[in-house]
Amino acid sequence: MLDKGSLLRLFSFKRWADTETLNVVQKIDATVSPQQHHQMLRLMNHIYVVDMIFRANLTGQDHGYTALNTPETPSAETLKAALRDCADWYQGFIRDLPVDSGEQVISFRFVDGGDGQMRLIDMLNHVLFHGAYHRGVVGWLISGCGETAPKDVLTVFLRDHQGTE
């Protein structure tokens, strides 16, 4: 049985954490820490690309990506909007799912061309955990640039947003 309420809350958390992280990235002077700033944007763009790949996989669409990142590096503002829209899409997708669909096995192609199969619930969990992993690295880079990384943990989100998502 798919716990849609928990998934919706976790994707609200993801949306918030992505935004909070990019808000801090925007504070960093790219002329002082150009390599770290660029790396932060590359990592956040990688999160977005993987989110979009899994979005396509969930709907049986061709994602069109040939790599796990794009050649160009979007701005933090562009990434905030893109990640926000993508998280909103996931929430709509979850709202529309039948509660018995979590065990559904979905076949797809990896970016490298290999065949894959995952349960729907595992695909959604991957999107959540993958983003958290890379945001952690971005937080470490933020700290290395002298800024304070956001407190992008679930407990803070629930404390500050309980009932508002």
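Structure first, text after, so check above.
**Q** Would you mind showing me how to read the packing of aromatic side chains here?
**A** Applying the stated criterion across every chain yields a total of eight aromatic pairs. For the ring pair Phe11 and Tyr90, a centre distance of 5.0 Å and an interplane angle of 10 degrees mean the geometry is stacked. Here Tyr90 lies in helix 3 (residues 76–96) and Phe11 lies in helix 1 (residues 4–27), a separation of 79 residues in the sequence. Its relative accessible area of 0% is what places Phe11 among the buried residues. Judged by its relative accessible area of 0%, Tyr90 is buried. Seen from their ring centres, Phe13 and Trp16 are 6.0 Å apart, and the 35 degrees between their planes marks the pair as tilted. Of this pair, Phe13 and Trp16 are both found in helix 1, three residues apart, which corresponds to roughly one turn of the helix.

**Q** Which parts of the structure should I look at to understand the side chain of Gln91?
**A** In this structure, Gln91 sits in helix 3. By relative accessible area, Gln91 is classed as buried at 8%. Once residues lying within four places of it in the same chain are set aside, the contact partners of Gln91 are Leu8, Phe11 and Ser12.

**Q** Explanation requested: helix 2 (residues 34–59) in the structure shown.
**A** Residues three or four positions apart in an α-helix share a direction because the helix packs 3.6 residues into each turn. The terminal C-alpha atoms of helix 2 lie 38 Å apart, and with 26 residues this matches the ideal 38 Å at 1.5 Å per residue to within 8%. Where burial is concerned, most of helix 2 is hidden: 19 out of the 26 residues are buried. Count one or two residues on from helix 2 and you reach Gly60, which has phi positive near 75 degrees.

Each value, and the rule that gives it
Residues numbered from 1 in each chain as written. Predicted model: local features only at pLDDT ≥ 70, side-chain atom pairs only at ≥ 80, totals over all residues. Heavy atoms only, no water. Phe/Tyr/Trp six-rings, centres within 6.5 Å; stacked < 30°, edge-to-face > 60°. Helix = DSSP H or I, 4+ residues; strand = E, 2+ residues; numbered from the N terminus. Buried < 20%, exposed > 50% of the residue type's maximum accessible area, 1.4 Å probe, protein only. Contact = heavy atoms within 4.5 Å. Expected span 1.5 Å × (residues − 1).

Any link to function would need more than the numbers given here.
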